[in-house]
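What follows is the residue order along each chain.
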Amino acid sequence: MKPPKRLQGLIEEGLIDTVVRQLTSGKEAMVYVVRCGGETRCAKVYKEATQRSFRQAADYSENRKVRSTRQARAMAKGTRFGRQSQEAAWQSAEVDALYRLAAAGVRVPRPHNFCDGILLMELVTDDSGDAAPRLNDVLLTPEQARSHHATLLIEVVRMLCAGVVHGDLSEFNILLGADGPVIIDLPQAVDAAGNNHAARMLLRDVDNLRGFFGRFAPELLHTEYGHEIWDLYQRGALHPEAVLTGRFERKLGPVDVGSVMSEIDDARAEEAARRLRLHAAQ
Ligand SMILES: Nc1ncnc2c1ncn2[C@@H]1O[C@H](COP(=O)(O)OP(=O)(O)O)[C@@H](O)[C@H]1O
Ligand SMILES: [Mg+2]
């Protein structure tokens, strides 16, 4: 196909030889199949912030690291430099997460290059070498559903052990490659330790997996892996080989005897005061 304008620069740089076809035009990006040397790769071209949807939300950018305080101030004020910085932080967050997760043994596309707001990465393919389908586009047997669900829970645990919560994990952001599920689309990934919304996001990610795979294997709908994983993480007991049960007992917090006693004292004092007032009024 005739290369789109945004990819022209990479062709001139020699990073891309030809553009084969447009794969999708999603919420945040346009994705192309490209040829580089002898290899077929995938180019993700980020849309401008103004064309993007909800995921710029503060929840996700909380605690995202920027290089300078000037940048941080500009981002907070929303100046042009600030918007550009925010844009760059958003885009490079996906590249950072890809490297971090690959190093932690999570199956994500291998990144090759990141330049001019375009991410060049491995094209995830199916058995016949075509771009792999999203989980949402395939029908699964109950056994396949159970097996992919188990594989992806291990991936979620590996991500969390590497300090990352995906934040938008669902059947739309998982591809079914020739060697199994591959997790994609990470610009909103959050830092598990530094983001107050990390717990909520992790639970939502794991619930999405349960809801999707539960359509094919309904017994999964009764599992509680999200709470179990977060509880282990919080107690410092989560590691990549952790054996999960899918069960979680909601514990009643430890009783704070001191505060219960002072509640009782307060109630006694109030009652005594009420009696005094009553007595005085008679
Ligand atoms: N590395 C990849 N290999 C194959 N297909 C991909 C790859 N990355 C993205 N895609 C395709 O492009 C679509 C959009 O990419 P995604 O990263 O999810 O961006 P968006 O933010 O637009 O959802 C995906 O649903 C998938 O079909
Ligand atoms: Mg997506």
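These notes cover the structure that comes with them. Treat the numbers as computed from the prediction; the structure is a model and nothing was measured.

**Here we look at the packing of helix H5 (residues 142-161) against helix H7 (residues 225-234)**
No. 1: The contact between H5 and H7 brings their axes to 11 Å, and the two run at 25°. In terms of orientation, H5 and H7 fall into the roughly parallel class. Between H5 and H7 lies a crossing of right-handed hand. Contacts from His149, Leu153, Val156, Val157 and Leu160 of H5 reach H7 at Tyr225, Ile229, Trp230 and Tyr233.
No. 2: Classifying every residue of the contact of H5 with H7 by side-chain character gives 8 nonpolar, 1 polar and no charged.

**Digging into the coordination of the magnesium ion (ligand 2)**
No. 1: Surrounding the magnesium ion (ligand 2) are the protein donor atoms Asn173 (OD1) and Asp185 (OD), which sit 2.1 to 2.2 Å from the metal. Highlighted residues: asparagine 173 in the loop between strand E6 (164-165) and strand E7 (174-177) and aspartate 185 in the loop between strand E8 (180-183) and strand E9 (190-191), separated in sequence by 12 residues. With respect to class, asparagine 173 is no different from aspartate 185; both count as buried.

**Examining the sheet that holds strand E4 (residues 111-115)**
No. 1: Strands sit in the order E1-E2-E3-E5-E4 across an open sheet of 5 strands; the sheet is antiparallel. This sheet does not close on itself; its edge strands, each paired only once, are strand E1 (18-25) and E4. On average, each strand axis in the sheet is inclined to that of its neighbour by 20°, with strand direction left out of account.

**Remarks on the state of the cysteines**
No. 1: This model, assessed by the stated rule, comprises 0 disulfides.
No. 2: As a non-bridged cysteine, cysteine 42 has cysteine 36 as the owner of its nearest cysteine sulfur, 10.0 Å distant.

**Looking at the nonpolar core**
No. 1: One finds Phe213 and Ile229 to be the most contacted residues of the largest nonpolar core, which totals 49 residues.
No. 2: Once you skip the residues sitting within four places of it in the chain, phenylalanine 213 turns out to touch Leu135, Leu140, Ala145, His148, His149, Leu152 and Leu220.
No. 3: Counting 11 residues, the second-largest nonpolar core is a separate cluster that includes Leu10, Val19, Ile118 and Leu120.

**A closer look at the packing of aromatic side chains**
No. 1: This structure, assessed with the given rule, holds 4 aromatic pairs.
No. 2: Seen from their ring centres, phenylalanine 212 and phenylalanine 213 are 5.1 Å apart, and the 75° between their planes marks the pair as edge-to-face. Summarising the burial analysis for this pair, phenylalanine 212 and phenylalanine 213 share the class buried.
No. 3: Ring geometry for phenylalanine 212 against phenylalanine 216: centres 5.5 Å apart, planes inclined by 70°, an arrangement best described as edge-to-face. Just as phenylalanine 212 is buried, phenylalanine 216 falls in that class too.
No. 4: Site record: aromatic cluster; members linked through ring pairs are Phe212, Phe213 and Phe216.

**Overview of the site of ligand 1**
No. 1: Near ligand 1 there are 21 residues, and of these Glu28, Lys44, Glu122, Val124 and Asp185 occur at the shortest range.
No. 2: Within the backbone of valine 124, an N or O atom sits 2.9 Å from a nitrogen atom of ligand 1.
No. 3: The separation between an oxygen atom of ligand 1 and a polar side-chain atom of aspartate 185 is 2.9 Å.
No. 4: Across the complex, the protein chains shield 94% of the 540 Å² of accessible surface that ligand 1 would expose by itself.
No. 5: Because more than half of its atoms lie within 2 Å of the grid, ligand 1 is assigned to the largest pocket.

Thresholds, definitions, all that
- Residues numbered from 1 in each chain as written.
- Chains lettered and ligands numbered in written order.
- Predicted model: local features only at pLDDT ≥ 70, side-chain atom pairs only at ≥ 80, totals over all residues.
- Heavy atoms only, no water.
- Axes fitted to C-alpha atoms, helices over the stretch in contact; angles between N-to-C directions.
- Helix = DSSP H or I, 4+ residues; strand = E, 2+ residues; numbered from the N terminus.
- Parallel < 35°, antiparallel > 145°, perpendicular 65-115°, else oblique.
- Left-handed = near helix turned anticlockwise from the far one by under 90°.
- Contact = heavy atoms within 4.5 Å.
- Nonpolar A, V, L, I, M, F, W, Y, C, P; charged D, E, K, R; others polar.
- Donors = N, O, S within 2.8 Å, 3.2 Å for Na, K, Ca; no water.
- Buried < 20%, exposed > 50% of the residue type's maximum accessible area, 1.4 Å probe, protein only.
- Pairing = 2+ DSSP bridges.
- Disulfide = S-S within 2.5 Å.
- Core = buried A, V, L, I, M, F, W, Y, C linked by side-chain atoms within 4.5 Å.
- Phe/Tyr/Trp six-rings, centres within 6.5 Å; stacked < 30°, edge-to-face > 60°.
- Near = heavy atom within 4 Å.
- Polar contact = N/O pair within 3.5 Å; in protein donor to acceptor, adjacent residues only side chain to side chain.
- Areas by Shrake-Rupley, 256 points an atom, 1.4 Å probe, with all protein chains shown as cover.
- 1 Å grid on protein atoms, 1.4 Å probe; cavity = no way out; pocket = protein on both sides within 12 Å on 5 of 7 lines; lining within 4 Å.
- Sits in = over half its atoms within 2 Å of the grid points.

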